[in-house]
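Residue strings, one per chain:
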Amino acid sequence: MTVEINNPIFEKLGMKYPIVEGGMTWAGTGALAAAVSEAGGLGFIGTGYWHGDDVRREIKRAKALTDKPFGVNVMLMSRHIREVFDVILEEGVKVVATGAGDPSPFLDELHAAGITVMPVVPSVSLAKMMERKGVDAVIAEGMESGGHIGQMTTMTLIPQVVDAVSIPVIAAGGIGDGRGVAAAFMLGASGVQMGTRFLTATESEVHENFKKKILKARDIDTIVTGNLLGSRARVLKNKMAKEFVKNEVNELQKPKPDYETIEKLESGTLRAAVQEGDKDHGAFMAGQISGLIKDEKPVADILSDIWAQATDLMGIPDTTK
Ligand SMILES: Cc1cc2nc3c(=O)[nH]c(=O)nc-3n(C[C@H](O)[C@H](O)[C@H](O)COP(=O)(O)O)c2cc1C
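Calculation notes
- Every chain is numbered on its own, with residues counted from 1 as its sequence reads.
- Local features in a predicted model are, by the rule used here, given only for residues with pLDDT of at least 70; side-chain atom pairs are given and counted only at 80 or more, and totals for whole chains, interfaces and linings are based on all residues.
- Just so you know, side-chain values use all the structure's heavy atoms and leave hydrogens and water out.
- Each helix corresponds to a stretch of at least 4 residues labelled H or I by DSSP, and each strand to a stretch of at least 2 residues labelled E; elements are numbered beginning at the N terminus.
- Note that the radius of gyration is over C-alpha atoms, with the globule rule given as 2.2 Å times the number of residues to the power 0.38.
- Accessibility here uses a 1.4 Å probe with only protein chains present; expressed as a share of the type maximum, an area under 20% marks a residue as buried, one over 50% as exposed, and anything in between as partly exposed.
- By definition in these notes, contact holds between two residues if any of their heavy atoms fall within 4.5 Å.
- Here Asp and Glu are counted as negative and Lys and Arg as positive; His is not counted, and neither are the chain ends.
- Every charge is mapped onto a representative atom, which is NZ of Lys, CZ of Arg, CG of Asp or CD of Glu.
- As used in this record, nonpolar core signifies buried Ala, Val, Leu, Ile, Met, Phe, Trp, Tyr and Cys residues forming a set joined through side-chain atoms within 4.5 Å.
- The source of the domain bounds is an automatic or database domain assignment.
- The convention used is that axes are lines fitted to C-alpha atoms, helices contributing only their stretch in contact, and that angles between N-to-C directions extend from 0 to 180 degrees.
- By the definition adopted for this analysis, an angle is roughly parallel if under 35 degrees, roughly antiparallel if over 145, roughly perpendicular if from 65 to 115, and oblique otherwise.
- Left-handed describes a crossing whose near helix is turned anticlockwise from the far helix by less than a right angle; the clockwise case is right-handed.
- Charged residues are taken to be Asp, Glu, Lys and Arg, nonpolar residues to be Ala, Val, Leu, Ile, Met, Phe, Trp, Tyr, Cys and Pro, and polar residues to be all remaining types, Gly included.
- Note on terms: buried area is the combined drop in 1.4 Å-probe accessible area of two parts once they are placed together, counting the loss on both.
- Whether a residue is near a molecule or strand depends on its heavy atoms: if one lies within 4 Å, it is near.
- Polar contact criterion, stated in full: a pair of N or O atoms within 3.5 Å, where within protein one must be able to donate a hydrogen and the other to accept it, and residues adjacent in sequence count only if both atoms are side-chain atoms.
- Any carboxyl oxygen of Asp or Glu that lies within 4 Å of a side-chain nitrogen of Lys or Arg is treated as forming a salt bridge with it.
- One requirement defines pairing of two strands: DSSP has to find at least two bridges between them.

What follows deals with the overall build of the chain. The helix and strand tally for the chain stands at 13 helices and 11 strands. Taken over C-alpha atoms, the radius of gyration comes to 18 Å for the chain, in line with the 20 Å a tight globule of 321 residues would show. For the C-alpha atoms alone, the extent of the chain along its principal axes is close to 55 × 45 × 40 Å. Looking at the chain as a whole, 54% of its 321 residues are labelled buried. Nonlocal contacts in the chain, meaning residues at least 24 apart in sequence, comprise 62% of its contacts between residues at least 6 apart. Computed over 35 positive and 42 negative side-chain charges, the separation of the two mean positions in the chain equals 5 Å.

Our focus in this paragraph is the nonpolar core. Of all hydrophobic cores here, the largest spans 83 residues; its most connected members are Ile-19, Val-74, Phe-85, Ile-88, Val-138, Phe-198 and Val-299. Ranked by residue count, the leading element in this core is helix H13 (residues 299-314), at 7 residues. Counting only domains with at least three residues in this core, you end up with domain 1 (8-206 + 294-314) and domain 2 (208-288). Beyond its immediate sequence surroundings of up to four residues, Ile-88 is in contact with Val-72, Val-74, Val-93, Val-96 and Ile-115. Of all hydrophobic cores here, the second largest spans 14 residues; its members include Val-20, Leu-42, Val-95 and Met-118.

Attention shifts here to the packing of helix H8 (residues 178-186) against H13. Think of two packed helices as two axes; the pair is described by the angle between the axes and how far apart they sit. One way to put it is that H8 packs onto H13 with a least axis distance of 7 Å and a crossing angle of 50°. It follows that H8 is oblique to H13 by the angle criterion. Read as a crossing pair, H8 and H13 show a hand that is right-handed. Side by side, H8 and H13 meet where Gly-178, Arg-179, Val-181, Ala-182, Phe-185 and Met-186 of the first sit next to Ile-306, Trp-307, Gln-309, Ala-310, Leu-313 and Met-314 of the second. Of the residues contributing to the contact of H8 with H13, the split by class is 9 nonpolar, 2 polar and 1 charged.

Moving on, we come to the domain arrangement of the chain. Splitting the chain by domain gives domain 1 (8-206 + 294-314) and domain 2 (208-288). Taking the mean C-alpha position of each, domain 1 and domain 2 sit 22 Å from one another. Listed per partner, the contact involves 28 residues of domain 1 and 25 residues of domain 2. At the boundary of domain 1 with domain 2, total buried surface from both sides reaches about 2,500 Å², with 57% on carbon and sulfur atoms.

Here we come to the site of the ligand. For the ligand, the set of nearby residues contains 17 residues, the closest of which are Thr-25, Glu-141, Gly-174, Gln-193 and Thr-196. Measuring from an oxygen atom of the ligand, one finds a backbone N or O atom of Gly-23 at 2.8 Å. The separation between an oxygen atom of the ligand and a polar side-chain atom of Thr-196 is 2.5 Å. For the shell around the ligand, the elements supplying multiple residues, two or more each, are strand E9 (192-194) and helix H9 (196-199). Among the residues forming the shell around the ligand, the class breakdown is 5 nonpolar, 11 polar and 1 charged.

Our next topic: the environment of Ile-223. Along the chain, Ile-223 falls in strand E10 (residues 222-225). Spatially, the C-alpha atom of Ile-223 lies 9.9 Å from that of Gly-146, the residues being 77 residues apart in sequence.

Glancing now at the pattern of salt bridges. Applying the stated criterion to the full structure yields 19 salt bridges. Asp-221 is the partner of Arg-218 in a salt bridge, and the nearest nitrogen-oxygen pair spans 2.8 Å. Asp-221 sits in the buried class, given a relative accessible area of 16%. In this structure, Asp-318 and Lys-321 form a salt bridge, with 3.9 Å as the shortest nitrogen-oxygen distance. Judged by its relative accessible area of 69%, Lys-321 falls in the exposed class. Members of the salt-bridge network, linked through shared partners, are Asp-54, Arg-57, Glu-58, Arg-61 and Glu-205.

A word on the sheet that holds strand E1 (residues 19-21). Ordered by their spatial adjacency, 8 strands build an open sheet running E1-E9-E8-E6-E5-E4-E3-E2, and the pairing between neighbours is parallel. The open sheet has two edge strands with one neighbour each: E1 and strand E2 (44-46). Between one strand and the next, the sheet's axes are offset by a mean angle of 25°, whatever the strand orientation. Alignment of strand E4 (residues 95-99) against strand E5 (residues 116-121), held across 4 bridges, turns out to be parallel. Within E5, the position partnered with Ala-97 by the bridge is Met-118. Helix-sheet contacts for helix H6 (residues 124-133) involve E5 and strand E6 (138-141), and the interaxial angle to E5 is about 160°. Against the sheet, helix H7 (residues 154-164) makes contact with E5, E6 and strand E8 (169-172), and its axis sits at roughly 150° relative to E6, the strand it touches most.

In structure tokens form, the structure reads like this:
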């Protein structure tokens, strides 16, 4: 089998590697996104429940560090979504990734501004729906991933999505080295997205405790919270995560939490992990691939090492050298 690395979107963006840094709320700062884009990948700023001003601050930080295009990942269920899109349009961002919802109400204005739109999808049905609505690519994410997850594994999801749609499919979830990248291409993806691997990059601004927790993690050290509540998130095990899972049954008896409570719970606990390294109360979102990550190194080395290994395995030349 010959693998062809053919992704018109990545070509348009002038990327050296077909590798994306997935948007990560709080962890995916302007500095990390800029480092990934500057090194030849595509960096994303994670925005979660942020206001427009916060998004603008990180976009400006990224612009100060690179002239290369980078993206902004938006969480569609955020109440501040309109102001976030206004900032994206004003700042001339080139790529938008979306999660937790349907981006189609915004598609026309984003396309009119020349912005590439790539929603994250956890299933074939959503991938097909997104294609019908006119998005440019889908990021198909398996449940090995850190952060909010669906039901399918990357190994099973990618080939099924690839067969179901004609737009480019970017594979995410559980990819941490060149073997994972090569496997994703074998499954038919035309790009990969990693989150967890970039958390221990030198340029990653997550707290030292977060980096150490990933570097020390074993294969079975993540846990999925929110199974019963219908909002599943993969985090590294700690006191908060274990108690969360234990108390979920009781939470079900209570009335459905309001928007403010959800925002505080989801965004607040992740911020405590990322910025304060709060070992007991933080939500250390990270994927099952954490157990494979044993070093902290610059983004440029992460990308070039991974791509050298992937091209070697796929038997294609590494033209980036
Ligand atoms: C700390 C953290 C925060 C994340 N936040 C978001 C987010 O805000 N929006 C989103 O679409 N994906 C989010 N993700 C998922 C990543 O973008 C990416 O798809 C995922 O990490 C890929 O799987 P991996 O962790 O196995 O590499 C997050 C992941 C992590 C680890």
